[in-house]
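The chain contents come next:
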Amino acid sequence: MEIRGLNPDMERLGGGYLFSEVARKVARYRREHPSVRTLPLGIGDVTLPLPHTVVNELYAASRELGEADGFVGYGDVRGMAELRRAICERYARRGVELCEREIFINDGAKGDLGGICELFDVGVSVVPDPSYPVYCDASIIAHRRVITADATEENGYLPTPHDIEKIPALIYLCSPSNPTGAAFTHKALAEWVEHARASGSVIVFDAAYEAYISDPALPHSIFEIEGARECAIEICSFSKSAGFTGLRCGWCVIPTSSPLNKLWERRLACRFNGASCLSQRAALAALSSEGERECSKNIAYYLENADILARTLDRLGVSFCGGKHAPYLWVKLDGSPFCGNNKCGIKSSWDAFSFLLERTGIVSTPGVGFGKRGEGYLRLSSFAPREDIVESARRLEGLGV
Ligand code: PLP
């Protein structure tokens, strides 16, 4: 039977999803080189186990579910009030005043990053190039036109609104950025806020990696910028800050002064029955003082990994961005050992991905998977066990000889 009436824009999504393609190529390499230990600097998934505080809370919360007076069923669609309060307190520590009604708990950031399109008529999305592919793909599925805001070496890999038409749009921004690791300053973010207010746009600020910011002068939230309450929402996650990539929990901030707050609540009522009560309890534990201490230790571990890779790249004389406020390093290929110093005829980031895999067993991510402007780059992730990072550094040094 021919199924009619499918979403024609699904065709605009192009081929396989980036990471499935990487996994396919790595599986083939492993089949062909069974004795080589591959080193996973590709996918941005955490590798350290959950903090003890979180695990203990999961045990306690599970036991309570099996008791008559501890059992809970459906909860508030916006999430547990206690968790929303704890998130507000976390923002307050950075001087951002929010109330519980402005926080919506989700099951991780990804769903909301795409779901937000449902509040808007078909229109324009402004998406950094390169960026996390979901912004572009979700916009396409929602029939939106995508305009890219280039993040290049010239602008420090941080897109600016200077060349963006002043039309109403959904503007996706991510800081610190996946994949470039670059983080916005207050001044650079303020320019986007000004642009959004002048054009009737809404900024969707993805703060999934804010916990990795190591310079106290950099903003962690768009709401640290004056005027952002009028024109921005923020989506954040426990995935990379507390190791919840499997457990699933995050949140979305929508100011009550914005009509989007009521609309989002209405949309949730028909789309969502709330995040798992177990992951919400676990998230609350991650925000306790002991939980935060353990999470910070894990983040420091990944940042130390990033530093080991960064120092290796420096020694090799490779130009790169990131690794300071994010678990990613954005490596420029041109003339570097990553493309055989331009002597091996390597043209594309997929070729460089294969070259690196063949020569060192290191799995990276081809920059072009994050957008056209990612061509000529590879992303290295520091979410790997320390021994794999140290071994990667050793093999990279060999690549430079
Ligand atoms: N935003 C960015 C920039 C990411 O890199 C990721 C995951 O890698 C997400 C959001 C999704 O996070 P979550 O696990 O909370 O869905």
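Described in the following lines is the structure provided in the data block. (Residues numbered from 1 in each chain as written. Predicted model: local features only at pLDDT ≥ 70, side-chain atom pairs only at ≥ 80, totals over all residues. Heavy atoms only, no water.)

Side note on the overall build of the protein chain
Move 1: Counting its secondary structure elements, the protein chain contains 13 helices and 13 strands.
Move 2: At 21 Å, the protein chain has a C-alpha radius of gyration in line with the 21 Å of a compact globule built from 401 residues.
Move 3: Dimensions of the protein chain, computed from C-alpha atoms along their principal axes, come out at roughly 65 × 60 × 50 Å.
Move 4: Looking at the protein chain as a whole, 54% of its 401 residues are labelled buried.
Move 5: The contacts in the protein chain between residues at least 6 apart in sequence include a share of 71% that link residues at least 24 apart.
Move 6: A total accessible area of about 18,000 Å² is found for the protein chain, and carbon and sulfur atoms account for 52% of it.
Move 7: On the protein chain, the mean spot of the 45 positive side-chain charges and the mean spot of the 51 negative ones are 4 Å from each other. (Helix = DSSP H or I, 4+ residues; strand = E, 2+ residues; numbered from the N terminus. Rg over C-alpha atoms; globule rule 2.2 N^0.38 Å. Buried < 20%, exposed > 50% of the residue type's maximum accessible area, 1.4 Å probe, protein only. Contact = heavy atoms within 4.5 Å. Areas by Shrake-Rupley, 256 points an atom, 1.4 Å probe, with all protein chains shown as cover. Lys, Arg positive; Asp, Glu negative; His and termini not counted. Charge placed at Lys NZ, Arg CZ, Asp CG, Glu CD.)

Digging into the side chain of Ser 131
Move 1: With respect to the secondary-structure elements, Ser 131 resides in the loop between strand S3 (124-129) and helix H5 (134-141).
Move 2: For Ser 131, a relative accessible area of 5% corresponds to the buried category.
Move 3: Within polar-contact distance, the side chain of Ser 131 engages the backbone oxygen of Pro 128 at 2.7 Å.
Move 4: With sequence-adjacent residues up to four places away left out, Ser 131 is seen in contact with Asn 178, Pro 179 and Phe 370. (Polar contact = N/O pair within 3.5 Å; in protein donor to acceptor, adjacent residues only side chain to side chain.)

Overview of the sheet that holds strand S9 (residues 320-322)
Move 1: Reading across from one edge, S9-S10-S13-S12 is the order of the four strands in this open sheet, with antiparallel pairing throughout. Because the sheet does not close on itself, it has two edges, and the strands there are S9 and strand S12 (365-366).
Move 2: With three bridges connecting them, S9 and strand S10 (residues 328-332) associate as antiparallel partners. Paired with Cys 321 across the bridge in S10 is Trp 330. (Pairing = 2+ DSSP bridges.)

Notes on the sheet that holds strand S2 (residues 103-106)
Move 1: Taken together, the seven strands give an open sheet; going across it, the order is S2-S8-S7-S6-S5-S3-S4, and neighbouring strands pair in mixed fashion. Here the strands that pair on one side only, and so sit at the sheet edges, are S2 and strand S4 (145-150). The sheet shows a mean angle of 20 degrees between the axes of neighbouring strands, taken without regard to direction.
Move 2: Where S2 and strand S8 (residues 250-253) come together, four bridges link them in antiparallel fashion. (Axes fitted to C-alpha atoms, helices over the stretch in contact; angles between N-to-C directions.)

With respect to the nonpolar core
Move 1: Ranked by internal contacts, the top residues of the largest apolar core, which has 80 residues, are Ile 203 and Phe 238.
Move 2: In contact with Ile 203, not counting residues within four places along its chain, are Ile 171, Leu 173, Trp 192, Val 193, Ala 196, Ile 222, Cys 231, Ala 232 and Ile 233.
Move 3: Membership of the second largest hydrophobic core comes to 32 residues, among which are Val 22, Ala 352, Val 363 and Leu 396. (Core = buried A, V, L, I, M, F, W, Y, C linked by side-chain atoms within 4.5 Å.)

Some thoughts on the packing of aromatic side chains
Move 1: This structure, assessed with the given rule, holds 15 aromatic pairs.
Move 2: Residues Tyr 209 and Tyr 328 carry aromatic rings whose centres are separated by 5.3 Å and whose planes lie at 75 degrees to one another, so their mutual orientation is edge-to-face. One end of the pair, Tyr 209, is in the loop between strand S6 (202-206) and helix H7 (228-231); the other, Tyr 328, is in strand S10, and 119 residues separate them in sequence. The same class applies to Tyr 209 as to Tyr 328, namely buried.
Move 3: Relative to Phe 353, the ring of Trp 350 lies with its centre 5.4 Å away and its plane at 80 degrees, an arrangement referred to as edge-to-face. With Trp 350 and Phe 353 both in helix H12 (residues 349-360) and three residues apart, the pair spans about one turn of that helix.
Move 4: Relative accessible area serves as the criterion here: at 22%, Trp 350 is assigned to the partly exposed category.
Move 5: Residue classification places Phe 353 among the buried residues on the basis of a relative accessible area of 0%.
Move 6: Through successive ring pairs, a cluster of aromatic residues spans Tyr 209, Tyr 212, Tyr 301, Tyr 302, Tyr 328 and Phe 383.
Move 7: Sitting above the plane of the Trp 350 ring, Lys 25 keeps its charged end 5.2 Å from the centroid.
Move 8: One Lys or Arg, Arg 386, reaches over the ring of Tyr 301 and ends 4.6 Å from the middle of that ring. (Phe/Tyr/Trp six-rings, centres within 6.5 Å; stacked < 30°, edge-to-face > 60°. Lys NZ or Arg CZ within 6 Å of the ring centre and 35° of its normal.)

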